[in-house]
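Fold and contact review
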Amino acid sequence: MIRSRRIALALLLPGLALLVGGVVAPSLVMLLSPPRVETGEVLDRLGRMLSDPYDLEIVWRTLRVGLVVTAICVLLGFPTAFLLARSRSRWAGPLLALAIFPLLLSNVVRTYGWLVVLGSNGVVGKTLVALGFTDEAPQLLYTELAVVLGLVQLFLPLAIVTCYSAVAQVDAGLDDAARGLGAGRTRTMWSVVIPLSMPGIAMAATLVFAGAVTAYTTPYLLGGSRQRMLSTQLFSYSGVTLDWAAASATAIVMTILVVLVYVASTLATRTRGRIQ
Amino acid sequence: MKRSSPVAASLAVLGYLVMIVPILFVVATAFTEGETLRFPPEGLSLRWFDEATSYQPFTDALLSSLQLALLATVLALAVGIPATLAIMRGRLPGRSLVEGLFLSPLILPELVVGLALFQQLMLQLELDNFQALLIGHTALLLPYAVRVTGASLVLADPALEEAARGLGASPLRTFFTVTLPVLRPGIISAALLSFVTSFNNVPISLLLQSRDFRTLPVTMLDYVQQNYTPIIAAMSTLLLAATVVLAVVAERILGFARIFGGINR
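Read on for an overview of the structure. Note that the structure is predicted; figures quoted are calculated from it, not measured. (Residues numbered from 1 in each chain as written. Chains lettered and ligands numbered in written order. Predicted model: local features only at pLDDT ≥ 70, side-chain atom pairs only at ≥ 80, totals over all residues. Heavy atoms only, no water.)

A short note on the pattern of salt bridges
Spelled out, the test is: Salt bridges are identified by distance alone: a Lys or Arg side-chain nitrogen within 4 Å of an Asp or Glu carboxyl oxygen. Comment: elements are numbered from the N terminus, with helices defined as DSSP H or I runs of at least four residues and strands as E runs of at least two. Think of it in three bands: residues with accessible area under 20% of the maximum for their type are buried, residues over 50% are exposed, and the middle band is partly exposed, with areas taken using a 1.4 Å probe on protein chains only.
Inspection of every chain in the model, using the stated rule, returns ten salt bridges over all chains. We note a salt bridge from R64 of chain A to E144 of chain A, for which the minimum N-O separation is 2.8 Å. Here R64 of chain A, found in helix α3 (residues 53-86), pairs with E144 of chain A, found in helix α7 (residues 144-169); they are 80 residues apart in sequence, far enough to count as distant. Since its relative accessible area comes to 23%, R64 of chain A is described here as partly exposed. The shortest N-O distance in the salt bridge between D222 of chain B and R214 of chain B comes to 2.2 Å. For D222 of chain B, a relative accessible area of 24% corresponds to the partly exposed category. Take R214 of chain B: its relative accessible area is 23%, and that puts it in the partly exposed class. In the salt-bridge network here, residues are joined through shared partners; they are E57, R61, R64 and E144 of chain A.

Remarks on the packing of helix α1 (residues 6-30) of chain B against helix α11 (residues 231-253) of chain B
All names here are of chain B. Selection criterion: Fitted lines through C-alpha atoms give the axes, limited to the stretch in contact for helices. The angle between two N-to-C directions lies from 0 to 180 degrees. We call two directions roughly parallel when the angle between them is under 35 degrees, roughly antiparallel when it is over 145, roughly perpendicular when it lies between 65 and 115, and oblique otherwise. Two helices crossing with the near one rotated counterclockwise from the far one by less than a right angle form a left-handed crossing, whereas a clockwise rotation gives a right-handed crossing. Contacts are assigned to residue pairs with any non-hydrogen atoms lying within 4.5 Å of each other. Throughout, the ten residues Ala, Val, Leu, Ile, Met, Phe, Trp, Tyr, Cys and Pro are labelled nonpolar, Asp, Glu, Lys and Arg are labelled charged, and all others, Gly among them, are labelled polar.
The interhelical angle for the contact between α1 and α11, taken along N-to-C directions, is 120°, at an axis separation of 8 Å. In terms of axis orientation, α1 runs oblique to α11. The way α1 lies across α11 gives a crossing that is left-handed. Where α1 approaches α11, its residues I23, V26, V27, T29 and A30 are matched on the opposing element by A233, A234, S236, T237 and L240. Taken together, the residues that form the contact of α1 with α11 break down as seven nonpolar, three polar and no charged.

Things to note about the side chain of S189 of chain B
Structurally, the position occupied by S189 of chain B is in helix α8 (residues 171-200). Residues in contact with S189 of chain B, not counting those within four places in the same chain, are V148, L254 and I259 of chain B.

Brief notes about α3 of chain A
For clarity, the cut-off: An expected span of 1.5 Å times one less than the residue number is assigned to each helix. Here a polar contact is taken to be a pair of N or O atoms separated by no more than 3.5 Å, where protein atoms must pair a possible hydrogen donor with a possible acceptor and residues adjacent in sequence count only if both atoms sit in side chains.
A rise of 1.5 Å per residue sets the reference length of α3 of chain A, with its 34 residues, at 50 Å; its end C-alpha atoms lie 49 Å apart and thus fit the reference within 8%. Of the residues that open α3 of chain A, the one with a side-chain oxygen 3.0 Å from the backbone nitrogen of Y54 of chain A is D52 of chain A.

Let's talk about the nonpolar core
Defined as follows: Here, nonpolar core refers to any group of buried Ala, Val, Leu, Ile, Met, Phe, Trp, Tyr and Cys residues whose side-chain atoms link them within 4.5 Å.
With 175 residues, the main nonpolar core has L12, V69, F78, Y112, L151 and F155 of chain A together with F102 of chain B as its most contacted residues. The element contributing the most residues to this core is α7 of chain A, with 14 residues. Apart from residues no more than four positions distant in its own chain, F102 of chain B is found in contact with L12, G15, L16 and L19 of chain A together with A83, I87, L142, P143 and V146 of chain B.

So, helix α10 (residues 216-226) of chain B
A large share of α10 of chain B lies buried, amounting to eight of its eleven residues. Those residues of α10 of chain B that sit buried are L216, P217, V218, T219, M220, L221, Y223 and V224 of chain B.

Remarks on the packing of aromatic side chains
What counts here: Pairs were defined over the aromatic rings of Phe, Tyr and Trp, the Trp ring being its six-membered one, requiring ring centres within 6.5 Å. Orientation was assigned from the angle between planes: stacked under 30 degrees, edge-to-face over 60, tilted for the rest.
Summed over all chains, the structure comprises ten aromatic pairs over all chains. A centroid spacing of 6.1 Å and a plane angle of 90° characterise the contact between W244 of chain A and F118 of chain B, whose relative ring orientation is edge-to-face. Of this pair, W244 of chain A sits in helix α12 (residues 244-275) while F118 of chain B sits in helix α5 (residues 110-124), each in a different chain. The pair formed by W244 of chain A and F118 of chain B is uniform in burial state, with each residue classed as buried. Where Y55 of chain B meets F58 of chain B, the ring centres are 4.8 Å apart and the plane angle is 85°; that geometry is what we call edge-to-face. Classification of Y55 of chain B by relative accessible area gives partly exposed; the value is 29%. Members of the aromatic cluster, joined through ring pairs, are Y216, Y220 and F235 of chain A.

Notes on the interface of chain B and chain A
Heads up, the condition is: Here the buried area means the combined drop in accessible surface, using a 1.4 Å probe, for two parts upon being joined, counting both sides.
Taken together, the contacts link 88 residues of chain B with 88 residues of chain A. Buried area between chain B and chain A, both sides added, is near 8,400 Å², and the carbon and sulfur share of it is 75%. In this assembly, chain B and chain A are joined by zero salt bridges. Summed over the shared surface of chain B and chain A, the number is four residue pairs in polar contact (both at pLDDT 80 or more). Top element by residues in the side of chain B that touches chain A is α1 of chain B. It accounts for 16 residues. Split by residue class, the side of chain B that touches chain A holds 63 nonpolar, 16 polar and nine charged.

Concerning unusual backbone geometry
All names here are of chain A. One non-glycine residue, Y142, lies in the positive phi region at around 60°. Within the secondary structure, Y142 sits in the loop between α6 (123-130) and α7. By relative accessible area, Y142 is classed as partly exposed at 27%. The backbone of L242 sits at a positive phi, close to 55°, despite the residue not being glycine.

Details of the side chain of R110 of chain A
Rules: Only four residue types enter the tally: Lys and Arg on the positive side, Asp and Glu on the negative side; His and the chain ends are excluded.
Checked against the element boundaries, R110 of chain A lands in helix α5 (residues 107-118). The buried charged residue R110 of chain A lacks any salt bridge partner; its closest oppositely charged side chain belongs to E110 of chain B, at an N-O distance of 11 Å. Residues contacting R110 of chain A, with those up to four places away along its chain left out, are P102, L103, L105, Q153, L154 and P157 of chain A together with P22 and I23 of chain B.

Coordinates in, geometry out; function isn't part of it.
So this is what it looks like as structure tokens:
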């Protein structure tokens with residue numbers, strides 16, 4: 001224990017200063033009253049954004065992509081985590097490492113792979129033409145499908161790792177007990193393993209959704225200007241057209257989306273905890 | 001369970017394919033002899049590796065990225081470890097609020113933080129972009145320092161520290177001889193995660209770039225948009241190789257799963 005409150009505060013102070021001065025205060029100022037923008041203009045722009053069909057389409061696309069990516073990541077990530085956590089094979093360790101490894105690798109490198117796979121001279125297009133399905137390679141890049149694929153690749157490792165620690169905490173003896181009492185594999189899964197891993201699954205979904213609606217590299221490379229998302233739109237306002245009122249309005253929408261999801265997931269986990 | 005369900009197994013296989021296959025195609029195209037990015041590659045050569053390693057914007061940016069990632073990691077640990085001690089061992093009022101503040105960079109979108117720092121630090125306070133980048137990256141890494149070292153501090157028995165103090169050791173001596181050895185795995189994990197996170201960051205680095213100081217991922221991203229040559233595939237393959245080496249070292253020192261176990265909890 002640190003007995004003196006003064007020493008504890010002194011240890012905390014540099015970090016506090018850095019976070020307040022380097023993250024929280026600048027972000028609040030940027031969101032509410034950016035420099036060179038008159039008071040009220042951000043709210044005005046926000047109002048116009050939420051009534052303009054083009055802007056609304058971007059918000060809606062971002063939400064849709066976020067939800068689809070989250071659903072796919074949980075659908076693929078949870079079974080993978082379950083198999084890895086319950087397997088006694090000597091391959092389980094290396095396979096878990098292989099699933100974690102992409103987290104260390106640059107997003108640019110990971111996303112670039114899809115340009116090779118989906119590009120006009122890419123693998124998928126060439127294969128479709130060679131098999132005689134089409135005469136000309138279909139446009140796969142700069143579609144919503146491309147963005148979804150890229151984001152799933154990006155966030156699946158996160159979903160697997162998060163679900164893995166949740167499943168690993170569920171006593172495997174409970175699975176066996178349910179099976180011993182006559183429950184089938186599917187029933188054991190749905191009434192024992194999944195309910196007990198729910199906090200981890202919720203956490204995985206939250207992390208993936210928050211990541212997917214704020215990711216920049218992947219929508220930029222795979223969606224381009226045809227599939228604008230909030231993040232690419234935010235960069236185009238702040239780095240290209242220097243329309244800071246619009247940039248702040250976009251940033252507000254993005255921040256609210258992410259904060260809402262975190263709050264909802266925290267509340268959901270807490271309520272569940274109280275019930276159990 | 002005795003045999004794994006075929007449904008679960010096929011979903012897992014599909015997951016691995018999506019995660020790994022695009023990376024394999026990057027490696028395959030890096031060895032092409034041709035001018036454009038296509039598959040199958042035309043001929044086999046190392047020419048794009050030569051081009052990548054002698055292309056000055058890449059080598060400059062690589063040095064910048066390494067420099068920034070190292071400095072930000074050291075700073076984040078220097079600021080984050082004392083803060084972790086204060087949060088976990090000090091009897092502070094509003095502890096959960098403080099903890100929340102230290103995790104806030106994980107929640108706030110990085111593009112938002114990047115734009116905020118560009119406006120407030122570079123335009124209003126007229127800091128140069130390296131200083132702004134260092135502040136932004138260090139703040140971004142603080143949650144890792146606090147969470148990951150915090151997770152190993154939970155394992156440390158405070159009674160040991162009390163005993164050392166009772167036997168006459170000063171607070172500093174207690175920290176260095178009793179607490180720090182327990183924290184070491186946490187610190188190594190936090191350092192590794194921080195370094196990688198800073199090195200790979202795009203959104204903050206993108207908004208705080210200048211002609212004199214740009215990071216490698218931002219430089220590569222710009223290049224991809226303008227040129228369709230396999231030089232990026234070669235550069236990516238080199239980064240992949242470096243990351244594999246880092247991962248193997250991490251596995252040898254601590255074990256992979258342990259390092260990543262600390263992120264979410």
